[in-house]
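Commentary on secondary and tertiary structure
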Amino acid sequence: MSEDKELEKIKRKKLNELMKRYGLESSSKKIPSIIEVNDSNFRENVIELSKKIPVLVDFYADWCYPCKILSPVLEKIVKENSGKIVLAKINVDKSPITAGEFGIMSVPTVILFKDGEAIDRFVGALPEPYIKEWLKEEVMIV
């Protein structure tokens, strides 16, 4: 029982640290729509944040042409749903550990995180209407 309370205390502390990092001292403040993440901050900035708000993670590479097509589409969708979802962008060449942990075999790969878990994914530069429908089914937005 006491271990559960201690674990909950640690989780709350980490979430508060994350909120402070982004200037979110209270739940009424706006969470940033788009963030850059990497191997060293993925757990804190994606897994922990997804316990508060769904996080769409764009695994991309600078050399990837389909990634350059998909990125503005994801950014547009997230901005249209500001405060309901966050887009986290991670460069697989600069963050190979996280890419390996999630079995990223090709880019772009997009994984949706909710409640600290990866709940669904897609690979490739999909059209905007498909992505919106997918998000509507998964997290009831768009």
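Summarised in this report is the structure supplied together with it. (Residues numbered from 1 in each chain as written. Predicted model: local features only at pLDDT ≥ 70, side-chain atom pairs only at ≥ 80, totals over all residues. Heavy atoms only, no water.)

Turning our eyes to something else, we now look at the nonpolar core. Counting residues in hydrophobic clusters, the biggest one holds 26 residues, and the most contacted among them are Phe42, Val46, Val55, Val57, Phe59, Ile104 and Phe113. Mapped onto this core, the elements with two or more residues apiece are α2 (42-48), β2 (55-60), β3 (86-91) and β4 (109-114). When near neighbours in sequence (up to four residues on either side) are disregarded, Phe59 contacts Phe42, Ile90, Val92, Thr98, Ala99, Phe102, Ile104, Val107, Pro108, Thr109 and Ile111. In terms of nonpolar packing, the next biggest core, distinct from the first, is built from 16 residues, Leu70, Leu74, Val78 and Leu112 among them. (Core = buried A, V, L, I, M, F, W, Y, C linked by side-chain atoms within 4.5 Å. Buried < 20%, exposed > 50% of the residue type's maximum accessible area, 1.4 Å probe, protein only. Helix = DSSP H or I, 4+ residues; strand = E, 2+ residues; numbered from the N terminus. Contact = heavy atoms within 4.5 Å.)

Here Cys67 lies in helix α3 (residues 65-80). The spacing of Cys67 and Glu137 is 70 residues in sequence and 23 Å in space, taken between C-alpha atoms. Those residues in contact with Cys67 that lie beyond four places of it in its chain are Tyr60, Ala61, Val107 and Pro108.

Glancing now at the packing of aromatic side chains. Tallying each qualifying case throughout the model produces six aromatic pairs. Seen in terms of ring centroids, Phe102 and Phe113 are 5.3 Å apart; in terms of plane orientation they differ by 85°. Their pairing is edge-to-face. Of this pair, Phe102 sits in the loop between α4 (96-101) and β4 while Phe113 sits in strand β4; the two residues are 11 residues apart in sequence, bridging distant segments of the chain. Across this residue pair, the class does not change: Phe102 and Phe113 are buried. With a centroid separation of 5.0 Å and 90° between ring planes, the pair formed by Phe122 and Trp134 is classed as edge-to-face. Linking Phe122 in strand β5 (residues 117-123) with Trp134 in helix α5 (residues 128-139), this pair joins segments that are 12 residues apart in sequence. (Phe/Tyr/Trp six-rings, centres within 6.5 Å; stacked < 30°, edge-to-face > 60°.)

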